[in-house]
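Here is what each chain is made of, one letter per residue.
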Amino acid sequence: MVSKEISLDPGFADVLAGRGNGRAAGEQSTAEAIISAAEKLLIGQGYHATRVSEVARLADVSIGSIYVHYENKEGLYGALVERALDIQARYVDAVLDSETIPDLEKVITLGEAYLQFFREHPDQFRMLMLSAESVPEEAARSPLAKQIALRGAAQREKLAQAIANCVEAGVMRDNVDRARVTNFWWAAWNVVIGLTMRSDDLAI
């Protein structure tokens, strides 16, 4: 199968990052600098090892500016995850919500779309793949965590429905368990992409 590029609106990442939304230029610049610095530190050393003072120093802003824009470190982490989810959704939902892509092609093309998301936005992929040890315990019980779970469940349900449609249409075996296949699909692609990020002998 020939790999397909998913069509995206030009500049959508800028909108998701908060650029071009009518805020004052100075406020935009400060928020963007903070987000960029926090992303580098969180991905590089994890949530617990990252200090607000480090983010401020790397962003070249005052610590007070961070609290004005994001309230605290957890709020900053939440903003980064939410942005990553929004960008990921543009790739995944472009396939799952399409009314013109046949269901069997959705199941196949979705992997290509997810891989394209990683290739074009590796930092956002890494934000979504932070290990449990790197995520604050309080964040696991936060409204953000519930939002992440609900968004992931909604995407998995869309894929499960496409698989069910394939079974009904006779293009997949009638003994396919749509829930298990869906879970395996998500796990397999995350592991495959994760292995490409390694620098040791386990890399593929």
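What counts as what
Residues numbered from 1 in each chain as written. Predicted model: local features only at pLDDT ≥ 70, side-chain atom pairs only at ≥ 80, totals over all residues. Heavy atoms only, no water. Phe/Tyr/Trp six-rings, centres within 6.5 Å; stacked < 30°, edge-to-face > 60°. Helix = DSSP H or I, 4+ residues; strand = E, 2+ residues; numbered from the N terminus. Buried < 20%, exposed > 50% of the residue type's maximum accessible area, 1.4 Å probe, protein only. Lys NZ or Arg CZ within 6 Å of the ring centre and 35° of its normal. Salt bridge = Lys/Arg side-chain N within 4 Å of Asp/Glu carboxyl O.

Q: Any details on the packing of aromatic side chains? Residues and values, ideally.
A: By convention here, two paired aromatic rings are described through the distance between centres and the angle between planes. Enumeration according to the criterion identifies 10 aromatic pairs in this entry. With 6.2 Å between their ring centres and 50 degrees between their planes, Tyr114 and Trp185 make a pair best called tilted. One end of the pair, Tyr114, is in helix H6 (residues 103-120); the other, Trp185, is in helix H10 (residues 178-196), and 71 residues separate them in sequence. By the burial criterion, Tyr114 is buried, and Trp185 matches it. Pairing Phe118 with Phe125 gives two aromatic rings, centres 5.2 Å apart and planes at 70 degrees, and the pair type is edge-to-face. Note on accessibility: Phe118 and Phe125 belong to one class, buried. Here the aromatic cluster, defined as three or more aromatic residues joined through ring pairs, consists of Tyr91, Tyr114, Phe117, Phe118, Phe125, Trp185, Trp186 and Trp189. Here the basic side chain of Lys73 rests over the ring of Tyr47, its NZ or CZ set 4.3 Å away from the ring centre.

Q: Outline the pattern of salt bridges, listing residues and values.
A: Summed over all chains, the structure comprises eight salt bridges. Taking the shortest distance from any N to any O, the salt bridge between Asp93 and Lys158 comes out at 3.6 Å. With Asp93 in helix H5 (residues 73-96) and Lys158 in helix H9 (residues 143-169), this residue pair connects regions lying 65 residues apart in the sequence. Note that Lys158 is salt-bridged to Asp97, the shortest N-O span being 2.9 Å.

Read these as geometric descriptors, not functional statements.
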